[in-house]
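Here's the letter readout for the chains.
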Amino acid sequence: MRFGFLPKSLAVVLMCAAMPALVAGAEKPKRGGVLTLAIGKDITATNPLIRTFSIDESVRDLMFEPLLAVDNRGNIQPNLAQSWEVSGDGKTYVFKLRKGVKFHNGQEMTAEDAKFAMDYTMNPKNGARGYERLDVVERVETPDKNTLKVTLKKISAAFLYDLSEIQAFSVIPKGSLQEGIDKPAQFPPGTGPFKFVEWQPEQRIVVERFNDYWGHKAFLDRVILKPIANTTTRLNALRAGDVDMIERAPYEWVEQIKSGKLRGLTTVEAPYASYHQLVFNVAIPPFNNKKFRQAIAYALDKKEILQATFFGFGTVADQKYPPGHAWHIKGVPAPSNDLNKARALLAESGYDGKAVDIMIRQGSDSETAASTIQAQLKRIGLNINIRVFEYSAQRTLIQNGTFTFDFMGSGVHPDPSSTYGMEMGCIPDLKKRSSNYSGWCDKEVDALLKSAEIELDVQKRRELFKQILTRAGEEVAVVPITFVSRFFALRDYVKNFSTGHDGELRVYGGGLNYTWLDK
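Below is a summary of the structure that appears in this document. No experiment lies behind these values; they were computed from the predicted model shown. (Residues numbered from 1 in each chain as written. Predicted model: local features only at pLDDT ≥ 70, side-chain atom pairs only at ≥ 80, totals over all residues. Heavy atoms only, no water.)

A word on the pattern of salt bridges. One pass over the full model with this rule turns up 30 salt bridges. A salt bridge links K495 to E27, with the shortest nitrogen-to-oxygen separation between them at 4.0 Å. With K495 in strand β18 (residues 494–495) and E27 in the segment before β1 (34–39), the pair connects residues that are 468 residues apart, well separated along the chain. For E27, a relative accessible area of 38% corresponds to the partly exposed category. Measuring nitrogen to oxygen at the nearest pair gives 3.5 Å for the salt bridge that ties E141 to R139. (Salt bridge = Lys/Arg side-chain N within 4 Å of Asp/Glu carboxyl O. Helix = DSSP H or I, 4+ residues; strand = E, 2+ residues; numbered from the N terminus. Buried < 20%, exposed > 50% of the residue type's maximum accessible area, 1.4 Å probe, protein only.)

The structure is reproduced here in structure tokens:
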């Protein structure tokens, strides 16, 4: 779940601002040492511009950087681009790049390097992750060594958001990647605080401090990332001292660490790492009946689902962006737990007492959530059968529109137009759903979404999204349920590690390059 924010006018210059260092408390940070981190799975490629998601993205964030950054409140910040201007028509962006930035091979970064990376990403032969994100770009120019000029085909409120993530593209040296190569011999040079040393598949990935980094130089000498798929095995490795940190610590063990039962360990929380919602297939009975959907929404006890499924680690949700975030919209109505109202709506819907299937993906979290939802709906007289499918089978049912309703996780993009467009934008063929899994189509909402895509004034966009979310809340095609926390567990001598909403290894002003070892 990555977030971003836009400037408040059509023509804006954000002047140079250094990324703020986190305060390490009363203790003085120590430089040096090797930190070993157990991760859930291995990376897949050494081309930083392809398959930039999941663990590949987390690891590459240590070595590579985009033009902009985003803080934990969802606000765009300078990064490799120290300032930018937007033309009056909203289609031309001129970025002033930070001077003196070095690549890991010692070469100075210039606008030609940024143009190369952007052009490489826009070449369909390369299969780059950011190809669709940069589809709005018409041309890229380099007026001088430190200036990048990007002209868009049309206005895009999402454009700056995209440039805050390496999913769009990372800046790499001109000519450092060949066309269509997934796995070069090693990663090309990046500009990040750590540089690549080695990758032994399924064994380890090693990075070391880049001493010429333009920003906050890492305290650690090296970081070793060890893929360990099994969560219990990861925790046992931590307890035995074989690793210093682990990601995605099991919730039951987090509870024991927090209570002090597992001594010598601490946790770091990513509070909004996972978003979950209930999705109805509104194209088929009984979910084409709004009162039936509303009855379910009022019957749900979100806190009970959170406690039963995720040990209570997280918060209930009423929309896809959490309170305090730049794109959380206040004043949007949402159904709350009201069993009397739920029973009345169910009766008005004409429900005939027949059991309704909930179709979920195999996995302890989904199955526990479904069982809890089943029990809650029974309280209003609604009978639910739980049907469990393997991932691929479940995805097929969703995409061809033959599922009923489902408890599922959902991604959140930094730009709200992308986030809500994927969920609510009308699609031409309900039997081919690559987005908008509910199949809900409201022409008024669709028009509002299109207006929001090209509206660069932040306050006007917020008003558009308030209308969109209010309408969606009335129609109840989906029910937001929870933001779920994700945890790192670490030895207590690992100091000053911080993460973001997504459980990242590096965030604006924090992460592994601010981490140090007190041993």
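By definition, a disulfide is the covalent link that joins the sulfur atoms of two cysteine residues. Per the counting criterion, the structure on display carries one disulfide. With its sulfur 2.0 Å from that of its partner, C426 forms a disulfide with C441. Across the disulfide from C426 to C441, rotation about the S-S bond amounts to roughly 95 degrees, and the bridge is consequently right-handed. With C426 in the loop between α11 (416–424) and α12 (443–453) and C441 in the loop between α11 and α12, this pair connects stretches of sequence that are 15 residues apart. (Disulfide = S-S within 2.5 Å.)

Counting residues in hydrophobic clusters, the biggest one holds 76 residues, and the most contacted among them are L278, I296, L382 and F405. Beyond its immediate chain neighbours, meaning those up to four positions away, L382 contacts F292, I296, L346, Y351, V356 and L377. Among the nonpolar cores identified, the runner-up in size contains 69 residues, and L62, V86, Y93 and Y493 belong to it. (Core = buried A, V, L, I, M, F, W, Y, C linked by side-chain atoms within 4.5 Å. Contact = heavy atoms within 4.5 Å.)

Turning our eyes to something else, we now look at unusual backbone geometry. Geometrically, the link from P285 to P286 is a cis peptide bond, its omega value of -5 degrees lying close to zero. Its location among the elements puts P286 in the loop between β12 (265–280) and α6 (290–299). Residue S54 is not a glycine yet carries a positive backbone phi of 55 degrees. Within the element layout of this structure, S54 appears in helix α1 (residues 54–63). Its identity as a non-glycine residue notwithstanding, R248 has a phi of 50 degrees, on the positive side. Mapped onto the fold, R248 is located in the loop between β11 (245–246) and α5 (251–259). Take R248: its relative accessible area is 43%, and that puts it in the partly exposed class.

Two descriptors summarise a pair of aromatic rings, namely the distance from one centre to the other and the angle between the planes of the rings. Applying the stated rule across the entire model yields 20 aromatic pairs. Both rings, one in Y213 and one in W214, keep their centres 5.4 Å apart while their planes meet at 50 degrees; by these two values the pair is tilted. A relative accessible area of 3% places Y213 in the buried class. Considering the side-chain rings of Y272 and F483, the 5.4 Å spacing of their centres and the 80 degrees angle between planes classify their relative orientation as edge-to-face. With Y272 in strand β12 and F483 in strand β17 (residues 478–491), this pair connects stretches of sequence that are 211 residues apart. The same class applies to Y272 as to F483, namely buried. Every member of this aromatic cluster is reached through a ring pair, and the members are F280, F287, F292, Y351 and F405. (Phe/Tyr/Trp six-rings, centres within 6.5 Å; stacked < 30°, edge-to-face > 60°.)

Here the focus is the sheet that holds strand β7 (residues 147–152). Judged by pairing direction, the sheet is antiparallel, and its four strands sit side by side in the order β4-β5-β7-β6 without closing on themselves. The sheet terminates laterally at β4 (81–86) and β6 (137–144), the two strands that pair on one side only. Taken pair by pair, the neighbouring strands of this sheet meet at an average axis angle of 20 degrees, ignoring direction. In this structure, β6 lies alongside β7, joined through five bridges in antiparallel fashion. Within β7, the position partnered with V137 by the bridge is L152. The sheet strands contacting helix α2 (residues 111–122) are β5 (92–97), β6 and β7, and the helix crosses β6 at an angle near 165 degrees. (Pairing = 2+ DSSP bridges. Axes fitted to C-alpha atoms, helices over the stretch in contact; angles between N-to-C directions.)

Turning to its location among the elements, Q294 is positioned in helix α6. For Q294, a relative accessible area of 17% puts it in the buried group. Note: C-alpha distance between Q294 and E165 (129 residues apart in sequence) is 37 Å. Excluding its chain neighbours within four sequence positions, the residues that come into contact with Q294 are L345, E474 and V476.

Interpretation in functional terms is not warranted from these geometric data alone.
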